[in-house]
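Chain and residue survey
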Amino acid sequence: MMKFRFRRQGTDPQREKIKQELFAFNKTVEHGFPHQPSALAFDPKLQLMAIGTKSGAIKVYGAPGVEFTGLHKDTTAVTQIHFLPGQGRLLSLLDDNTIHLWELVAGTPRDVGGVKREGVICLQEVGSYSLPGRPGIESCSATRVTVLLLLRSCDLLCIGTEGGGVYFLELPRLSLKDSQTLLQDQVTQSLPDDYRCGKSLGPVESLQEHPQQSGKILIGYSRGLVVLWDLSARHAEQLFLGKQQLESLVWERSGNLFVSSHNDGGYSVWAVTNGNTYNHQPVSSTIPYGPFPCKAINKILWRTTQTGSPVLLYSGGMPRASYGDRHCLTIQQDKDHVTLDFTSRVIDFFTVHSIEQENEYDDPSALVVLLEEELVVIDLQTPGWPTLPTPYLAPLHSSAITCSFHISSVPPKLWERLVNAGRAQQGRQHSWPICGGKNLAPQPKQQELLLTGHEDGTVRFWDASGVALTPLYKLSTANVFHTDCDPSDDPQDPSDDPDMQQEEEWPPFRKVGCFDPYSDDPRLGIQKISLCKYSNKLVVAGTAGQVIVLGLSDERSDHLVDVSVVDLLQDREGFTWKGHDRLEPRLKPAPFPPGFQPLVLVQCLPPASVTAVALHAEWNLISFGTSHGFGLFDYHRRNAVLARCTLHPNDSLAMEGPLSRVKSLKKSLRQSFRRIRKSRVSGKKRTITTPTSKEANAALAEQEDVAPVQRRIEPRSADDSLSGVVRCLCFADTFLRDGTHHGPTLWAGTNSGSVYAYALEVPGVGSGRVCERGGAGESSVCVEAVLGKEIQLMHRAPVVSISVLDGRGKPLPDPYEASQDLAIAPDMTNAHSVLIASEEQLKVFSLPKVSAKTKFKLTAHEGCRVRKVALVVFGSTAQEDYSEHTLVCLTNLGDMHLFNIPALRPQVRYDCIRKEDISGIASCVFTKNGQGEENTPNQIKQKIFYTCPTGFYLISPSEYERFSLSAKVLTEPLCSVQLDRPLEPTPASDGTTTQPQANGTHKNQMGQAEGQTEEPPSALSSPILDTPLDSPLSCADLTLDSTGELTVEDVRDFLTTVDEAENNLKNIKEEEGRSTGILIN
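Here's a quick rundown of the structure. Keep in mind the model is a prediction, meaning the values are calculated, not measured. (Residues numbered from 1 in each chain as written. Predicted model: local features only at pLDDT ≥ 70, side-chain atom pairs only at ≥ 80, totals over all residues. Heavy atoms only, no water.)

**Re helix α1 (residues 13-22)**
Operational definition: Note on exposure labels: buried denotes an accessible area under 20% of the residue type's maximum, exposed denotes more than 50%, and partly exposed covers the range between, all computed with a 1.4 Å probe on protein chains only. Numbering of helices and strands starts at the N terminus; helices are DSSP runs of H or I of at least 4 residues and strands are runs of E of at least 2. Residue contacts follow a heavy-atom distance rule, with two residues in contact if any of their heavy atoms lie within 4.5 Å.
Among all positions in α1, only E16, I18, K19, E21 and L22 are buried. Buried residues in α1 make contact with β2 (23-32), β59 (866-875), β60 (883-891), β62 (906-911) and β67 (959-966).

Here you go:
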């Protein structure tokens, strides 16, 4: 066979322009709860909330969709945040003792959806200050900042330090006022001799301004002393001689009382009187959870109400011996007393209350508590103080995320039913108290769903249509089985019913929050999800081989779930399952709330984790795969159609289960290193002996001599452990038996590079199938499967994805789309082809002969391996009716490659995820094209394609990073806020602002920050960055999608990074000086 090689003479300008109109990479928004929060603040005038993190990020939230993000230059923990009320400014204190001033500044007007959006603002740092050390003192700990107080005038910042001094900073200039500095020695001189007794007052623990008299502040020292200091007269007006170590202070609204909390678990009420310089005793002192030793009350709030009884709120104070490990916050009002029991540490809290000076009472309406793993909001106006559902900042990781699935263009009817089912779970709806700012983003043209599977057996449905990721509905699969935790006894959320949580014990604990990192049974974990949005059928598969088919219902139902068992080993000898047992299904009817309800349970044997699922609702078929094989099930007739074992004789690891992986992992790593050493010493390419089932791509056989621009790829051994793992499954109506008759088919790809294609006989599908069986009714005819093709890839690389292309080279539509005229019908007149993506290369084969047409050897050319593949549609920004089908490929190096289909010509490449972030790469999920219907002026429905190819990946256990690949549509924050000051324009030399994203994502790929309004750049390939792309925290220990789980291959990639880098460097040096060539076989 003749081979021709030609070199590219240059790029086509017209094609480059089309690329700019189709493709653009942007990291747009971070969904979820900030990782490792460390500070909290609230602006009562603007109704904005700010959260600081340990990675140096600041996130400001208002009404749903209103978000601003900033990142300090150094990844240092934010310890305190303070708003300048009404001004859109805030101060942050970092762990390195620096103070930073941030402002909301005006962004550039932007054309969004054909409408010019003005008034968009973004968050920007405008200044910083570091407190100098005291002269003559070598240690800087004396000037280490412990507390900040911003006066109501917003022109002076009081700084309390560890050495007991109080300094004053002029705002917004951030200049120190030396004349106002108050050192501890000045206060000590005013103390009586018996209290002074040579002891230090300790650090400044709290600073509070008098609520009625400006210029007077309370200064609380660690030893227990509290000083009422007059700033104008510069003298101590009153001294409160406390003897217990101080933790915090709070004023009563009138200014006649203040409350102090202490490290012994008690609090004291002090009276502020005129004419008495020294106050030795408080009005009252209480240890609410005594008399036994208690933990410190870290913070306390006192809020007055019109009913006469104040609301007292404080964190901590639990008895050390009995409940010292509890994370609690107490609410007291008259006889009402509730101890909120959280599952993670309390960082800070505030109340939403009246701040107008003319109002006599605080009248708090809500309590906002920032915890280490979630945000909890308590309604203080409703009896019983129930929790409020959060429209954003919901903890994605309430149970560890194990998989995810995205649905675009959700039909309105399905969306409405899901919303109703979610409302039934949440109970009464209440207004969200943090409602500042205005969302300028246009309403989404389509609804998007993000489904997350969790370790506790739940599937959560999220509204991913906009900036705010809002929880819609939660599905639990635990009530299908007998487990220690039985949610079927109480399908409602217990946090919504305070009476059910109130226990007859002291303290009166109430469990609050949904973060629960512990699973009662890890076998419940969800590994795979598939949803048909047209038939409302859902398939979820779990860790113990359970595959559940569910249907959507608007009514509560009590029924028994049908159970079918499928043995994938097919009585093969020599294999004994050593892993966990299967989950025991319920044998009696169980109650199921409105929403998705189980129809049938398919149990795979052995009960290994499910690695792949496929659903074809139009044919009533599901397919599932594990490490032992794959099966086909007709859920309408409750009939197992096929069970195929894919185990190799040496696949002993597949029988051990997850609990015995340590020894096997060591063995696999040892084998990997042996193969690496063997490949280094082999001088010439060895002759590869193919198995009896020869590879179908003989037309593109491997060359004897590797091309100069390619890396040598060694074939993988057939003895590799876990070679029988099923990686992907696919249904398609195509030509498999001959070129004239098409019909249903099932495709399966394994870890050893094997592809199985089955021809299916589905009653009622195809031409004359029922008549051939003598006119039997469909209900009496069973689905049949016959093996049509078996393909073995030469290098035995794992098969990542299989997709069938029609006669035009376009992907086949989803079930029901063609039959219900929801998509363009596939071309069945010309020959079809199948696109098989392995870890090493992409290949297109013609059907039905399965002869290779074209391929792209990604590993040989780029030195990377395929991890995720998706076929998406890109719409043009210049032409509304122009779109292209594109193959998007994510590699183990974290870069994104885009190819056109079916020619597989490379289009663009983007750096997306750090290659060290194995968890982020494994969790990545792509969206598909969006499609909807609009009414034309003539009331004729016209199909309009809303294309916005995007993706999600985890940057921390609780956050998804959202990125866009489309130049047409961006889902990003576009917000405005009415401020008490004029907005400053964004300073930028070139008209654009480069601002880093939050959570340690130090630089946006295209220089775009959240809340910004610059046009997305049209560069075709991303620039090389000089800073990390993602958070240094993103390599957290995560439980992720099993198709991309942390396998031996992933570890091997990471361990051999240095060697691969050296080899790649050699190749690059050899290739320098000559242009890149394209090899056509």
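**Thoughts on the nonpolar core**
Quick reminder of the rule: Nonpolar cores were defined as sets of buried Ala, Val, Leu, Ile, Met, Phe, Trp, Tyr and Cys residues, with membership established by side-chain atoms within 4.5 Å.
Among the nonpolar cores identified, the biggest contains 34 residues, and L449, F461, L538 and F596 are the most heavily contacted of them. Looking at this core, the element that brings in the most residues is helix α5 (residues 412-426), giving five residues. Here F461 is in contact with L418, L449, L450, L451, T470, P471, L472, Y473, L475, L531, L538 and F596, once residues within four sequence places are set aside.

**Some thoughts on α5**
So the rule is basically this: Helix span, as expected, comes to 1.5 Å for every residue beyond the first.
A rise of 1.5 Å per residue sets the reference length of α5, with its 15 residues, at 21 Å; its end C-alpha atoms lie 21 Å apart and thus fit the reference within 8%. Among all positions of α5, only L414, W415, R417, L418, V419, A421 and G422 are buried. Looking at the packing, one finds that the buried side of α5 touches β36 (449-454), β37 (458-463), β38 (470-476), β42 (546-553) and β46 (595-605).

**A look at the pattern of salt bridges**
So the rule is basically this: Only one rule defines a salt bridge in this text: a Lys or Arg side-chain nitrogen within 4 Å of an Asp or Glu carboxyl oxygen.
A complete count under the given rule lists 29 salt bridges for this structure. For R152, the salt bridge identified is with E209, shortest N-O distance 3.8 Å. Of this pair, R152 sits in the loop between β13 (145-150) and β14 (156-161) while E209 sits in strand β17 (residues 204-209), and the two are 57 residues apart along the sequence. R644 is paired through a salt bridge with E790; the nearest N and O atoms lie 4.0 Å apart. Taken together, the residues R644 in strand β50 (residues 639-645) and E790 in strand β54 (residues 784-792) connect sequence positions 146 residues apart. A residue is classified by how much of its surface remains accessible, and E790, at 36% relative accessible area, is partly exposed.

**Some details on the pairing of strand β48 (residues 621-625)**
The two faces of the sheet receive side chains in turn, since in a regular strand these alternate between them. This is how it is decided: Think of it this way: DSSP has to see at least two bridges between two strands before they count as a pair.
Most of β48 sits out of view: five of its five residues are buried. Here β48 shows two buried faces, one formed by L621, S623 and G625 and the other by I622 and F624. In terms of strand pairing, strand β47 (residues 612-616) meets β48 through five bridges, oriented antiparallel. Of the residues in β48, the one forming a bridge with L615 is I622. The loop that links β47 with its antiparallel partner β48 comprises four residues; one of these, N620, has a positive phi angle of about 60 degrees. In this structure, β48 lies alongside strand β49 (residues 629-634), joined through five bridges in antiparallel fashion.

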